[in-house]
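Notes for the structure review
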Amino acid sequence: MAPIKPHWVQPSHPDRLHLIVNEAEFTSKSISKIALPPFALFAKLEYPPCTPADKPTYATVQCGRDKHLDLNSDLLYINHSCEPSLIFDTGNMNVIAGPKGIQIGEELTFFYPSTEWTMAQPFDCLCAKPTCRGRISGARDMTDAQLSGIWLNGHIRELLEEQRGPISSTTSFSVPTTTTATTTVSSLNGSSDSYTISEKNSSSSSSSTGNGYNKVGELDQIAQSLRDALTHAEKVVEAARNALMSYVGAVNDAAAANNGAANAANAAQKKKKEEGGVPEGAQRRGPTSRELSGEMGGDTSEVIV
């Protein structure tokens, strides 16, 4: 299958990735321009640029049991790796950083079988990682050990369960959820902004066990990484919210003090004028136009020629 020629405006993600195009087929790669913490958002899989594909090709990403997307962007050049730097979370239409985060200058990769049940164009992996899986033809053809510890999208897990038999048991994991309350901070112009304060709750979700690809310990490893990232993000949000409220409060206090001083000065000036016996607005402000033209005070004279 011939390589697809870009029909989109390039670069499609100029602030996110640097594309290195090589003449040899399938040797181009993408380099990150940004650093991100684990599971931070890298890009959105939105419409556009993504569009539904009629059939899977080497340039599509599977997003459901029978659904595939044409990426229509430079995300097409993100290569496979058995130790990827990115996760294609097709359930939420997001591309996020992997468990180790991303560094500037790092190659952008993802694990193709995490989205693809069968590959339209299988290949031998050349990632040279210690955990390299070798032949990559889709999750359908991989062993439990090869899929161990890897983020797999929901449609891939469902297809694996169908392929490998019924689940023998389930276990529950506590998943943090949030309820929200709103606080209002006044701005300098009298308007107010509302900020949402989140409170953590816990709800349980069942996760299947029994098949090697999602044993309890392996799911715990992924879930724990996500919990750690969520905890860190909550701390960042809390610190930023507190700083914002302190800053806006201080600015509002300063503005109120300045307004009070200005009002006091105006009141003092008005009182001084009233005590001087001259009604406000009756003060002489300068000569009139008639005075300036010499028509008052005997300044006019007749010139006899």
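Up top is the structure these notes are about.
Since we're looking at a predicted model, the values are computed, not measured.

1. Considerations on the overall build of the protein
If you tally the helices and strands in the protein, you get four helices and 14 strands. The buried share of the protein, reckoned over its 305 residues, is 31%. Within the protein, contacts between residues separated by at least 24 positions form 62% of all contacts whose residues are at least 6 apart in sequence. For the protein, the computed accessible surface area is about 18600 Å², with 53% contributed by carbon and sulfur atoms.

2. What to know about the sheet that holds strand β3 (residues 41–44)
Strand order across the open sheet formed by three strands is β3-β9-β8, with antiparallel pairing between neighbours. Two strands close off the open sheet at either side, each with one partner strand: β3 and β8 (86–89). If you compare each strand with its neighbour and ignore which way they point, the axes differ by 20° on average. Two elements, β8 and strand β9 (residues 94–97), share four bridges in a ladder whose sense is antiparallel. Each residue of the ladder has a partner; that of I87, found in β9, is I96.

3. What about the nonpolar core?
F42, L45, L86 and F88 are the most contacted members of the largest nonpolar core, which has 28 residues in total. Put simply, the parts of the chain that give this core at least two residues each are β1 (17–20), β3, β8 and β9. With residues near it in sequence (within four places) discarded, F42 still touches R16, L17, S32, I34, L36, L75, L86, V95, I96, I102 and L108. If you look at the next biggest cluster of nonpolar residues, it comprises 14 residues, including C82, C125, M142 and L159.

Procedures and definitions
Residues numbered from 1 in each chain as written. Predicted model: local features only at pLDDT ≥ 70, side-chain atom pairs only at ≥ 80, totals over all residues. Heavy atoms only, no water. Helix = DSSP H or I, 4+ residues; strand = E, 2+ residues; numbered from the N terminus. Buried < 20%, exposed > 50% of the residue type's maximum accessible area, 1.4 Å probe, protein only. Contact = heavy atoms within 4.5 Å. Areas by Shrake-Rupley, 256 points an atom, 1.4 Å probe, with all protein chains shown as cover. Pairing = 2+ DSSP bridges. Axes fitted to C-alpha atoms, helices over the stretch in contact; angles between N-to-C directions. Core = buried A, V, L, I, M, F, W, Y, C linked by side-chain atoms within 4.5 Å.

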